[in-house]
Amino acid sequence: MDSSSSSRVIAFDCSSFRLYMDGQVERAAQRMETVPAGFDADTGVASKDVVIDGATGTTVRLYLPPVQGDTTTKLPIVVFFHGGYFIVGSAGEPMYHRYVNLLVARARVVAVSVDYRLAPEHPLPAAYDDSWAALKWAVSGADPWLSDHGDLGRVFLVGVSAGGNIVHNMAVSVGVSGLPAAEPPRVEGVVLLHPSFSGEKKMEVEEGEFWRANNNRWAVIFPGATGGADDPRINPMAAGAPSLEKLVGERLLVGTASLDPRAPRGPAYCEAVRASGWRGKVEWFETEGEGHGFFVLNPGSHKAVEVMDRVVAFLADQ
């Protein structure tokens, strides 16, 4: 990243990017790398890219586990949303492509990984709009991999970091307005892994420096947000936010990491869901001694395998 712009005011600075208050961004090249879809020899999973909206350029990457000639058994559908602060990353980013391949192979699901537009070039709510369009497309059965192998009675929403934030917002949208489909799909569960939430008021246990920088990031990438960091899309517990009782699904899984400065918002979110009167089952777990997104960065580690085991078990539980 360019270090010559030292006189400009930095909103958020990390190894993945440097975001300035004037809306300019410098991205680390490795966070914008992609790998092509295709057959993954390590897992036996096949993938392909599909353009779902020519006007916005929104695409999804579909994943199908080995079916071995079995065309009768329907598999759960996972709609997956990658992380990257809404600023970097993609469905084709090597670490997310690898993660979804592993998830599909382990859980035996059909997956739809959403490639939404990135801020600040495309300010929010563009990513939410793309994600909503992709979710509607996924449950329409528009692609043979979904219509032939996917079970619309068992749909799951799974996201990491910013993708976990998207999952919450999609779950609220489905709960409020439903999904248009000839055969109404059933969203069975939602999974938020290291989700990105914030608020205008710092929680007592939150790190002040990260909280301020995170709210600056939000202000730059979503200039039209209502109430700043108390916009319901980043603070689900804000006054005026849709009731969490409206969350779609019957089960909720939230995972955090003890060294992640975002972690305090995870259990607080779970408690708010329980307090709302939501009738589903709420699960929260935290990985000790690990930081944000570690299980995507290093999927072969013992603790990463534990996270994968937890997600696979959640998807398998009927």
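Residues numbered from 1 in each chain as written. Predicted model: local features only at pLDDT ≥ 70, side-chain atom pairs only at ≥ 80, totals over all residues. Heavy atoms only, no water.

Caption draft 1: Inspection of the packing of aromatic side chains at higher detail. Scanning the model with the defined rule gives 13 aromatic pairs in all. Where Phe12 meets Phe210, the ring centres are 6.0 Å apart and the plane angle is 80°; that geometry is what we call edge-to-face. On the criterion of sequence distance, the pair formed by Phe12 in strand β1 (residues 10-13) and Phe210 in helix α5 (residues 208-221) is long-range, its members being 198 residues apart. Take Phe12 and Phe210: they sit in the same class, and that class is buried. Ring geometry for Phe86 versus Tyr128: centroids 5.7 Å apart, planes at 70°, classification edge-to-face. Of this pair, Phe86 sits in the loop between β7 (75-81) and α1 (94-107) while Tyr128 sits in helix α2 (residues 126-138), placing them 42 residues apart in sequence. Each member of the pair, Phe86 as well as Tyr128, is classed as buried. Put simply, the rings of Phe80, Tyr96, Tyr99, Phe294 and Phe295 pair up and form one aromatic cluster. One Lys or Arg, Arg8, reaches over the ring of Tyr20 and ends 4.0 Å from the middle of that ring. (Phe/Tyr/Trp six-rings, centres within 6.5 Å; stacked < 30°, edge-to-face > 60°. Helix = DSSP H or I, 4+ residues; strand = E, 2+ residues; numbered from the N terminus. Buried < 20%, exposed > 50% of the residue type's maximum accessible area, 1.4 Å probe, protein only. Lys NZ or Arg CZ within 6 Å of the ring centre and 35° of its normal.)

Caption draft 2: Layout of the packing of α1 against helix α8 (residues 302-316). Put simply, α1 and α8 touch, their axes get as near as 10 Å, and they point 50° apart. By the angle class used here, α1 and α8 are oblique. As for how α1 packs across α8, the hand of that crossing is right-handed. Taken together, the residues of α8 that come into contact with α1 (itself represented by Tyr99, Leu102, Leu103, Arg106 and Ala107) are Met308, Asp309, Val311, Val312 and Leu315. (Axes fitted to C-alpha atoms, helices over the stretch in contact; angles between N-to-C directions. Parallel < 35°, antiparallel > 145°, perpendicular 65-115°, else oblique. Left-handed = near helix turned anticlockwise from the far one by under 90°. Contact = heavy atoms within 4.5 Å.)

Caption draft 3: Focus on the side chain of Asn165. As for its placement among the helices and strands, Asn165 is situated in helix α4 (residues 162-177). One polar contact links the side chain of Asn165 to the main-chain carbonyl oxygen of Ser196, over a distance of 2.9 Å. In this view, Asn165 contacts Phe86, Tyr128, Pro195, Ser196, Phe197, Arg233 and Ile234; residues no more than four positions away in its chain are not counted. (Polar contact = N/O pair within 3.5 Å; in protein donor to acceptor, adjacent residues only side chain to side chain.)

Caption draft 4: Broad picture of the nonpolar core. Val79, Phe86, Leu135, Leu157, Leu252 and Tyr269 are the most contacted members of the largest nonpolar core, which has 69 residues in total. Not counting chain neighbours up to four residues away, the residues in contact with Tyr269 comprise His168, Leu192, Phe197, Pro236, Met237, Leu244, Leu247, Leu252 and Val254. Grouped together as the second largest cluster of nonpolar side chains are 31 residues, Tyr96, Val104, Leu253 and Met308 included. (Core = buried A, V, L, I, M, F, W, Y, C linked by side-chain atoms within 4.5 Å.)

Caption draft 5: Representation of the sheet that holds β1. Taken in spatial order, the three strands of this open sheet run β1-β2-β3, and their pairing is antiparallel. Strand pairing shows two members of the sheet lacking a second neighbour, β1 and β3 (25-27), which therefore form its edges. Taking each pair of neighbouring strands and ignoring which way they run, the sheet shows an average axis angle of 10°. Pairing geometry for strand β2 (residues 17-20) and β3, over three bridges, is antiparallel. (Pairing = 2+ DSSP bridges.)

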